[in-house]
Amino acid sequence: MAGLVKIEETVDLPLPRAAVWPMLAKTDWINRAVGLPPVKYHVEPLPEGGSKVIARAKILGIPLVWQEFPFEWTEPEFYQVRRIFHGGPLAEGVMGLRLRETSSGCAVEIFAHFQPRNASGTFLARNIIGPKTMRDMRVLLRHVGEHLAGQQPAVMPNLPTAFSNLTALDDGLKKLRAENFPEPLITRLREFLIRSPDVELSHIRPFAVAKRWRADRWDVLKLFLHATRAGLMNLRWEVLCPNCRATRLPRTASLADLARTAHCDVCNIRFDAEFDKSVELKFSVNPSVRPCDEQTFCLVGPGARPHIAAQVYLEPNEKREWTLPLTNRALRLRSVQVKAVADLPSAAVEIICHPEKFEFKSSGSAFSVRNPNPFPVQVALESGAGDDEILTAARVTNWQEFRDLFAAEVISPTEQVVVGSQVVLFTDLRGSTAMYSKIGDAPAYALVRDHFKILHDVVAANHGGVVKTIGDAVMAVFGSLTEALAAARAMHEQLGKMNASQKIRLQLKSALHVGPCLAVNANDKLDFFGSVVNLAARLVGSCAGDELVVADEVFRRPETQEFLHEIQQSAVADQEQFTGFPEPIRIWRIPMPAGRTD
C-alpha cells in the first residue's frame, strides 16, 4: 500500500472562530457549494446500538463506495470525518477543519489525509482531489468571510437555486396583501423564496427565519401559515429523533399520517412521537412556485446537530483525553451504545462508557473518555442549543391562528399521541343560570357570546388555542405557563372592562394545570385527555369567581411566583378532595381583582 498523502492549507479570516463556526459546520452545504455529487446512504443497524453507514457516489467520474464513520467535533475548534473505501484507488481518508484564534480573527486549517491503495490513488489524491479541494475551499472561505462582513448576500457560493415561477409567486403574494400583511414582511418573503438556495427551502424553520429577519417569530409564523393557504408554501410534519434530532422517516403532509412511534435508522432507536418534543412543523416552498432538490450531500455533519457541542468516536478499548468545548451551557452525555443519559460532572473525570450507564472516576486535571467494550462507542456532549428554533406540534396546534386556518389538521382517529408537557386552562361563568332567569334568554346569551369573543381573542393573542366550549365553560391549551398566566390575567381584565358598561356583571372563574396529556382525534378535532385535563376541570369547578385556582405544584413554579409579583397579589392556600382523585389536593386561590367592578 502506498504512503499516506497529507494535503493541508491555512486560510486567515478577520473574524472570530465563534462567528465562522456556524457557517463552516454546514457540511451538507459545503459539499454542495464545492461541487461534490449527491450521496446515496445505506444504513445497517448494529446490535450494540447505532448503525453502520455505507455511502455511494460518483466523484470525478469514478464510482466510489465507502463506510462513513460518525463525525467528530468540538465547537468551535474542529471537526473531521473518517471514510474507509471499498475498492478503488483510495483505501481511507480523513477530512476536516481546525479553527484557531489569531490576533486578527481566526485561522482555518483545512486538511485532507488519504491512504492510497496504489500508485494511481497517490496520483489522484496528490494531483487531482487534493488541489481541487484546497482551491474550492479557499473560494468558499473567502466568500463566507465576505458574507459575514455583509458584502455577500449568499451564505456560500454556487449553491443551486432553481428558477422561480414569478407568476405563481406574485399571485400568492397578492393574496397575502389582501389579508393586510405588512409590506416589508411580504417583500422579505418574496426575496426569500426567489434567492434562497434549494437546500434552504426544503426544511424551513419559521422561528429560525424570524431570527435572521429580526422579526417577531409569531408574525413570521402567521405569514408562513397564510402563505401555505395562498399556495406559496407547504406544511411538513417531521418526527425528530431524540438523540440526533434529525428526521429519519418520510415527511408527512398531514398529522393524520403520523404514527405514535418512530424509528431512527442511524441511531438505531425506537421512540414515541411526542407532540411537545419530537414532532416538528416545518415548511417547504410549493413546487408550483419553485422546484426544490432534496438530495443528500452529507448525512451527519455537525451543522445539522447544533445541540451537540462535541462528539467523539472510540474504537474498542480506546481511551482518549477529551478537550471539552468552551461554553457556559449545561452539557450532558449521551451515546447510542449507552442506555442512560448523564449530566457532565463539573470536575475533571475519566468517563467510562458501559452499555447500561456512564461511570465517572476522578482523574485530576483533565477529562478523558474510555470505551472498555468490544465494539465502538460514539459519545456526544449535548445541550439545548437550537431548541428555541424548533416549532413543535404542541406549540403550533395550540395556537388559535393555526386551529382556525387548519381545522382539518388532526391526528389519525386510531392514534393517541403523547404530549409530555401541556398547559390546560379552564374558565367558566359563575351564576350564569340565574342570569338567564333574571334578564331573559336573549340578553343573557348575548352577554355570554360577547364573553366568548373576549376569551377567544385573548387566547389567540397569547399563542394559545381554544379546544372546545362546554356550556359557558372554555377549555384552552398553551405551550407555555407564562403565556397561560398572562391569558388568565387578560381575560379577567377584559371582562372587567365589559362589566363596566353592563348592568349585569359576569363573574369569571379560571383554573389551570400543567403536565402530560394525550392528544386524540375527537370528532375530527384535536382534543386532549388525561388526569391533567381532569384536574384542571375540577379546579375551575372549585373556583369561587374572580380568581385563578392552581394546584400546589403549579403554584411553586417560578413562572407563577413571578406572575404573583407582577399582579401584586397574595395567594390563599386551600385543600380540596376532588372526584376521581384518591387524595386531597392542596390548591392555591389567586385573586384576580381586575375582574371586580364593585
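Note on numbering: residues in each chain are counted from 1, in written sequence order. A pLDDT threshold of at least 70 governs which residues receive local features in this predicted model, and a stricter bar of 80 or more applies before side-chain atom pairs are shown or counted, although totals over entire chains, interfaces and linings include all residues. In computing side-chain properties, one takes all heavy atoms of the structure into account and sets aside hydrogens as well as water.

## Here's the deal with the nonpolar core
Most often, soluble globular proteins keep nonpolar side chains buried together rather than apart. Remark: nonpolar core denotes a set of buried residues (Ala, Val, Leu, Ile, Met, Phe, Trp, Tyr, Cys) joined through side-chain atoms within 4.5 Å. Each residue is placed in one exposure class: buried if its accessible area under a 1.4 Å probe, protein chains only, is under 20% of its type's maximum, exposed if it is over 50%, and partly exposed if it falls in between. One finds Leu 176, Leu 189, Phe 224, Leu 232, Phe 275 and Phe 528 to be the most contacted residues of the largest nonpolar core, which totals 132 residues. In this structure, Met 491, Ile 504, Val 554 and Phe 555 belong to the second largest nonpolar core, which totals 40 residues.

## Side note on unusual backbone geometry
The residue after Glu 75, namely Pro 76, is reached through a cis peptide bond having omega -10°. In this structure, Asn 180 is a non-glycine residue whose phi angle is positive, near 65°. The helix count covers DSSP runs of H or I at least four residues long, the strand count covers runs of E at least two residues long, and both are numbered beginning at the N terminus. By secondary structure assignment, the location of Asn 180 is in the loop between helix H4 (166-178) and helix H5 (183-195). Since its relative accessible area comes to 69%, Asn 180 is described here as exposed. Within the chain, Asn 317 stands out as a residue other than glycine whose phi angle is a positive 65°. As for its placement among the helices and strands, Asn 317 is situated in the loop between strand S13 (308-314) and strand S14 (319-321).

## Focus on the sheet that holds strand S18 (residues 358-362)
Pairing between the strands of a sheet comes from backbone hydrogen bonds, and it takes one of two forms, parallel or antiparallel. When DSSP finds two or more bridges between a pair of strands, those strands are recorded as paired. A sheet is described by the order of its strands in space; here 4 strands give the open sequence S14-S19-S17-S18, paired in mixed fashion. The two strands at the open ends of the sheet, each matched to only one other strand, are S14 and S18. Between one strand and the next, the sheet's axes are offset by a mean angle of 20°, whatever the strand orientation. Of the pairings in the sheet, the one linking S14 to strand S19 (residues 368-370) comprises 3 bridges and is antiparallel in character. Across the sheet, Glu 321 pairs through a bridge with Ser 368, a residue of S19. To get an axis, a line is fitted to the C-alpha atoms, and for a helix only the part in contact is used. The angle between two axes follows their N-to-C directions and goes from 0 to 180 degrees.

## Observations regarding the state of the cysteines
Cysteine sulfur atoms that pair up within 2.5 Å are treated as a disulfide. Scanning all chains against the criterion turns up 0 disulfides. Of the cysteine sulfurs around Cys 264, a residue in no disulfide, the closest is that of Cys 241, at 3.8 Å. You can call Cys 264 buried: its relative accessible area is 0%.

## Structural notes on helix H7 (residues 217-229)
Every α-helix carries 3.6 residues per turn, so stepping three or four residues along brings you back to the same face. A helix is expected to span 1.5 Å for every residue after the first. Its 13 residues give H7 an end-to-end C-alpha distance of 19 Å, which sits within 8% of 18 Å, the value for a rise of 1.5 Å per residue. Taken residue by residue, H7 has Trp 218, Val 220, Leu 221, Leu 223, Phe 224, Leu 225, His 226, Ala 227 and Thr 228 as its buried positions. A 3.5 Å cut-off defines polar contacts: any pair of N or O atoms within that distance qualifies, except that in protein one atom must be a possible hydrogen donor and the other a possible acceptor, and neighbouring residues in sequence count only when both atoms are side-chain atoms. For H7, the capping residue at the N-terminal end is Asp 216, with a side-chain oxygen 2.9 Å from the backbone nitrogen of Trp 218. Just downstream of H7 lies Gly 231, where phi reads positive at about 85°.

## Concerning the side chain of His 451
Among the secondary structure elements, His 451 is positioned in helix H11 (residues 441-461). The buried category is assigned to His 451, whose relative accessible area is 0%. Any two residues having at least one pair of non-hydrogen atoms within 4.5 Å are treated as being in contact. In contact with His 451, other than residues within four places in its own chain, are Leu 429, Asp 472, Leu 495, Met 498, Leu 506 and Leu 508.

## Observations regarding the pattern of salt bridges
One side-chain nitrogen of Lys or Arg within 4 Å of one carboxyl oxygen of Asp or Glu is enough to make a salt bridge. Following the criterion strictly, the structure yields 40 salt bridges and no others. Its salt-bridge partner being Arg 236, residue Glu 238 comes within 3.5 Å of it at the nearest N-O pair. Accessibility classification places Glu 238 together with Arg 236 in one group, the buried group. A salt bridge links Arg 557 to Glu 559; its shortest N-O distance comes to 3.1 Å. For Glu 559, a relative accessible area of 24% corresponds to the partly exposed category. A single salt-bridge network, built from bridges that share partners, covers Arg 205, Arg 236, Glu 238, Glu 280 and Lys 282.

## A look at the packing of H5 against helix H6 (residues 206-213)
Where H5 contacts H6, the two axes come as close as 12 Å, and the packing angle between them is 110°. The angle between the axes of H5 and H6 places the two elements in the roughly perpendicular class. H5 and H6 meet at a crossing whose hand is right-handed. Contacts from Leu 185, Arg 188, Leu 189 and Phe 192 in H5 reach Val 209, Arg 212 and Trp 213 in H6. Within the contact of H5 with H6, the residues separate by chemical class into 5 nonpolar, no polar and 2 charged. Each angle gets one of four labels, with under 35 degrees taken as roughly parallel, over 145 as roughly antiparallel, 65 to 115 as roughly perpendicular, and the rest as oblique. The hand of a helix crossing depends on one turn: near helix anticlockwise from the far one by less than a right angle means left-handed, and clockwise means right-handed. We call Asp, Glu, Lys and Arg charged. Ala, Val, Leu, Ile, Met, Phe, Trp, Tyr, Cys and Pro are nonpolar, and the rest, Gly among them, are polar.

## A short note on the packing of H11 against helix H12 (residues 481-500)
Each pair of packed helices can be described by the angle between their axes along with the distance between the axes. At a minimum axis separation of 9 Å, H11 and H12 run at an interaxial angle of 145°. Viewed along their axes, H11 and H12 form a crossing whose handedness is right-handed. Two secondary-structure elements touch here, H11 through Leu 447, Asp 450, His 451, Ile 454, Leu 455, Val 458 and Val 459 and H12 through Ala 487, Ala 490, Met 491, Gln 494, Leu 495 and Met 498. Split into classes, the residues belonging to the contact of H11 with H12 amount to 10 nonpolar, 2 polar and 1 charged.

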